[in-house]
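# Structural features, examined
Single-letter residue listing:
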Amino acid sequence: MGANAVLKSQMKELGLTQEELAGRMNTALAGITGRPGDVSARTVRNLLNGTSRIGRTCAALERVFGCPVEDLGFSAPRTMQHPQEDPVRRRTFIASATGTAAAAVPLVNQRRAVGMSDVARAAAGMNALVEADDRQGGHAELEKAALKGRTGVLELQQRNAGERVRRALYALAAEYTTIAAWSCIDARNLDQAQKYLNASSTYAGLSQDGPTEMRVWVNLSMLAYQRRN
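Reference entry: report on the structure contained in this document. The structure displayed is predicted, hence computed values, not measured ones.

We now examine the packing of helix 9 (residues 140-156) against helix 11 (residues 190-207). Packing of helix 9 against helix 11 leaves a shortest axis separation of 14 Å and a crossing angle of 25 degrees. Compared by their axis directions, helix 9 and helix 11 come out roughly parallel. Crossing of helix 9 against helix 11: the hand is left-handed. Here Glu143, Leu147, Arg150 and Leu154 of helix 9 lie close against helix 11, whose contacting residues are Gln192, Tyr196, Ala199 and Tyr203.

The following block contains the structure:
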């Protein structure tokens, strides 16, 4: 067995440290078996180094990452190997199944984990709004687009992610909300802008990102000056 580069890459994508992954695996094992797991950072390190074979942690890894362990660079134990489906049978099932069958699958199992690539896509959307603001100034459509972007970011927070990813998402939520605030400032709707910036300061605090928090406080100060407060 060699080092597992696939697992290492997936951990980096989710922003998970060895300690965080061990904790999430123990939580998953508790949900599966009804008993606390005993996975440690050393266990994860051995899985990464390829010095330990995957055993009962297989199901825990699948639950944490939302994919078969084969996609994480492991060979599943024979008792947990996923059978290959006949593609024709699968297409027939999908074509004939009703929404009831889909609803029977827990939502958490249908959603993949969130990683830094998702953060990058959300950031690209925010940058596009900043450019639109530079060209046109704030307006109602920009405010609406910023709130839609924030909603998308907060929806990502409901999925499985590491702490680094969660903090980055909160920072983006703060930035999107600030864009909405400046649209209101340009429209002279200062009361609504104040509400947005108050919410933005909350998201910035959750992000634990110093530059984001500073930008929000600067914006709050500028608004206070405009309101002669």
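We now examine the nonpolar core. Ranked by size, the top nonpolar core spans 32 residues in total, and within it Val153 and Leu169 carry the most contacts. Secondary structure elements with two or more residues in this core: helix 8 (116-136), helix 9, helix 10 (163-186), helix 11 and helix 12 (210-226). No other element matches helix 10, which puts 12 residues into this core. Setting aside chain neighbours within four positions, we find Leu169 in contact with Val114, Val119, Val153, Leu156 and Gln157. Counting 23 residues, the second largest nonpolar core, distinct from the first, contains Leu7, Leu21, Met25 and Leu61.

Each turn of an α-helix holds 3.6 residues, which means side chains three or four residues apart point in the same direction. With 18 residues, helix 11 should cover 26 Å at 1.5 Å per step; its first-to-last C-alpha distance of 25 Å lies within 8% of that length. All of the buried residues along helix 11 are Leu190, Ala193, Tyr196, Leu197, Ser200, Tyr203, Ala204 and Ser207. When helix 11 is viewed along its axis, its buried side chains cluster within an angular range of 130 degrees and face the same direction. Residues of helix 11 that are buried sit in contact with helix 9, helix 10 and helix 12. Just downstream of helix 11, Gln208 is the residue with a positive phi angle, here 55 degrees.

The next thing to look at is the pattern of salt bridges. For the structure on display, the rule yields 4 salt bridges. Note that Arg215 is salt-bridged to Glu175, the shortest N-O span being 2.6 Å. Of this pair, Arg215 sits in helix 12 while Glu175 sits in helix 10, and the two are 40 residues apart along the sequence. The class of Arg215 is partly exposed, set by a relative accessible area of 41%.

Calculation criteria
Residues numbered from 1 in each chain as written. Predicted model: local features only at pLDDT ≥ 70, side-chain atom pairs only at ≥ 80, totals over all residues. Heavy atoms only, no water. Axes fitted to C-alpha atoms, helices over the stretch in contact; angles between N-to-C directions. Helix = DSSP H or I, 4+ residues; strand = E, 2+ residues; numbered from the N terminus. Parallel < 35°, antiparallel > 145°, perpendicular 65-115°, else oblique. Left-handed = near helix turned anticlockwise from the far one by under 90°. Contact = heavy atoms within 4.5 Å. Core = buried A, V, L, I, M, F, W, Y, C linked by side-chain atoms within 4.5 Å. Buried < 20%, exposed > 50% of the residue type's maximum accessible area, 1.4 Å probe, protein only. Expected span 1.5 Å × (residues − 1). Arc of directions from axis to C-beta. Salt bridge = Lys/Arg side-chain N within 4 Å of Asp/Glu carboxyl O.

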